[in-house]
Amino acid sequence: MHKGKNDNTALILSGGGWPGAYDIVRALGRAGIDAIVASSQPDDIAFYSRYTCGRIHLPRFESTNHAEILSLLIEIASATREKPVLFYTGDSELEFMRRYREELSLYYRFLLPPRNILEELTDKSLFYDMARSYDLPVPFTRKFANAAELQEEIETVPFPCIVKPPLNRDWFWRTLEERRQFGCYKSALRRFDSRQDLLKFCTALPDRASGFLVQSYIESDDRGTVCFNGYFDDNSQCLGHVIGQDIRTNPPETGESAYSRTVHDEGLAKLSIEYLQRLQFRGIVKIDYKWD
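Residues numbered from 1 in each chain as written. Predicted model: local features only at pLDDT ≥ 70, side-chain atom pairs only at ≥ 80, totals over all residues. Heavy atoms only, no water.

Once that is clear, we can look at the overall build of the protein. When its secondary structure is counted, the protein shows 11 helices and 12 strands. Against the 2.2 N^0.38 benchmark of 19 Å for 292 residues, the protein shows a C-alpha radius of gyration of 20 Å, consistent with a compact globule. Projected onto the principal axes, the alpha-carbon positions of the protein cover approximately 60 × 45 × 35 Å. Here the protein holds 292 residues, and the buried ones make up 47% of them. (Helix = DSSP H or I, 4+ residues; strand = E, 2+ residues; numbered from the N terminus. Rg over C-alpha atoms; globule rule 2.2 N^0.38 Å. Buried < 20%, exposed > 50% of the residue type's maximum accessible area, 1.4 Å probe, protein only.)

Okay, here's the thing in structure tokens:
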């Protein structure tokens, strides 16, 4: 079992497939905090960071594996001197933490949003209704069970539009053919300007119980995307924040940040904090804004 060299130890949960755990390991390491990486990706880049003091290979973050993952995490924490701080890098890991927050809290330190809004923040179809009820600025969004339902209601769909899964994991493709057809999750997010192209794409999507969302596409280039990143304590007070502006994304216009810069925008920071305090939010947060 790997142990931290000091009392300041963190454990980072990673479902794999993206470098998010590496970013956290590097930031913590430069601050003198040991980090153990627990990832379901055998070659996770975070395993190779010089700041990583422990490497644990986990099974995939699926409900059938949750009990095994929980057991492994309890074993890891039991070998440390103090309760480690628990970080997560994606929605699948967050869903696991939501489900086992009481059990994990006995062994780890972490802060999550209130139960009544956490599910709505991770399910895009629930988030749209919640955002409207709290008067948050979000584009028109419509949920469809399948392509047949979309075809019946196609006259109500605004163009241009974009198609998204309610849950990110719904578009983590299960077969090689699906990956070849749609590409990675971010590559599958694309703009549609015609009913024909929209229906063709949605007809090809694998069936998912949660269906899919059609959302108005906001006209803007990569530089029109600005992100508020913050940390809110248990009383929903913002203890720190930073704002970033994308310069380039991969793929362009719908992808992950590939090159970004920090910017000062006190107005946007104040607005973001106000939004999050309406929700009585606590914990780590990132809000993406896209300016038309």
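What follows picks up the thread again.
Turning to helix 5 (residues 115-122), a few remarks are in order. Listed in full, the buried residues belonging to helix 5 are Ile117, Leu118 and Thr122. The buried residues of helix 5 occupy an angular sector of 130 degrees when the element is viewed end-on, so they sit on one face. If you follow the buried residues of helix 5, they end up packed against helix 3 (91-99), helix 4 (101-105) and helix 6 (124-133). (Arc of directions from axis to C-beta. Contact = heavy atoms within 4.5 Å.)

What follows covers the sheet that holds strand 5 (residues 141-144). Taken together, four strands build an open sheet; the order of strands is 5-8-6-7 and the sheet is antiparallel. On the outer flanks of this sheet lie strand 5 and strand 7 (191-192), each paired with one strand and no other. Pairing of strand 5 with strand 8 (residues 212-216) involves four bridges; the strand directions are antiparallel. Residue threonine 141 lies in a different strand from strand 8, and its bridge partner there is glutamine 215. (Pairing = 2+ DSSP bridges.)

This part is about the sheet that holds strand 12 (residues 283-290). Pairing in this open sheet of four strands is antiparallel, and the strands run 11-10-9-12 from one edge to the other. One side of each edge strand has no neighbouring strand; the edge strands of this open sheet are strand 11 (256-263) and strand 12. Across the sheet, the mean angle from the axis of one strand to that of its neighbour is 30 degrees, orientation sign disregarded. Pairing of strand 9 (residues 225-232) with strand 10 (residues 238-250), which is carried by seven bridges, proceeds in the antiparallel orientation. Looking at the pairing, tyrosine 231 lines up with glycine 240 of strand 10. (Axes fitted to C-alpha atoms, helices over the stretch in contact; angles between N-to-C directions.)

The next thing to look at is the side chain of asparagine 168. Note that asparagine 168 resides in the loop between strand 6 (161-164) and helix 8 (176-182). Among the polar contacts made by the side chain of asparagine 168, one reaches the side chain of lysine 124 at a distance of 2.4 Å. In contact with asparagine 168, other than residues within four places in its own chain, are Asp91, Lys124 and Tyr185. (Polar contact = N/O pair within 3.5 Å; in protein donor to acceptor, adjacent residues only side chain to side chain.)

Turning to unusual backbone geometry, a few remarks are in order. Going from phenylalanine 159 to proline 160, the amide bond is cis rather than trans, its omega being 0 degrees. Secondary-structure assignment places proline 160 in the loop between helix 7 (147-152) and strand 6. Here the phi dihedral of serine 236 falls at roughly 65 degrees; this positive angle occurs in a residue that is not glycine. Assignment of secondary structure puts serine 236 in the loop between strand 9 and strand 10. With phi around 55 degrees, glutamine 280 is a residue other than glycine that occupies positive phi space. You can see glutamine 280 is positioned in the loop between helix 11 (266-278) and strand 12. Given a relative accessible area of 55%, glutamine 280 falls into the exposed group.

Let us now look at the nonpolar core. Soluble globular proteins tend to pack their nonpolar side chains together in the buried interior. Counting residues in hydrophobic clusters, the biggest one holds 23 residues, and the most contacted among them are Leu150, Val163, Trp171 and Leu198. Those elements giving two or more residues to this core turn out to be helix 7, strand 6, helix 9 (185-188), helix 10 (195-204) and strand 8. No other element matches helix 10, which puts four residues into this core. For leucine 198, the contacting residues outside a window of four places in its chain are Leu150, Ile154, Val157, Phe159, Cys161, Val163 and Phe192. Of all hydrophobic cores here, the second largest spans 22 residues; its members include Phe61, Ile69, Tyr108 and Leu112. (Core = buried A, V, L, I, M, F, W, Y, C linked by side-chain atoms within 4.5 Å.)

This paragraph deals with the packing of aromatic side chains. Centre distance and the angle of the planes are the two values used to describe a pair of aromatic rings. Counted under the stated rule, the structure contains 12 aromatic pairs. Arranged with centres 5.7 Å apart and planes meeting at 25 degrees, the rings of tryptophan 171 and tryptophan 173 form a pair that is stacked. For the pair tryptophan 171 and tryptophan 173, one class covers both residues: buried. Ring centres 6.2 Å apart and planes at 85 degrees place the aromatic pair phenylalanine 232 and phenylalanine 281 in the edge-to-face group. Here phenylalanine 232 is found in strand 9, whereas its partner phenylalanine 281 is found in the loop between helix 11 and strand 12, with 49 residues between them in sequence. Note on phenylalanine 232: relative accessible area 0%, which makes it buried. Given a relative accessible area of 3%, phenylalanine 281 falls into the buried group. (Phe/Tyr/Trp six-rings, centres within 6.5 Å; stacked < 30°, edge-to-face > 60°.)

Charged atoms that come close allow side chains of opposite charge to pair. Under the definition given, this model contains 10 salt bridges. A salt bridge links arginine 191 to glutamate 219; the shortest N-O distance between them is 2.8 Å. Here arginine 191, found in strand 7, pairs with glutamate 219, found in the loop between strand 8 and strand 9; they are 28 residues apart in sequence, far enough to count as distant. Judged by its relative accessible area of 42%, glutamate 219 is partly exposed. Put simply, Arg191, Asp193 and Glu219 are held in one network by salt bridges that share partners. (Salt bridge = Lys/Arg side-chain N within 4 Å of Asp/Glu carboxyl O.)

Spatial relationships are all this shows, so hold off on functional conclusions.
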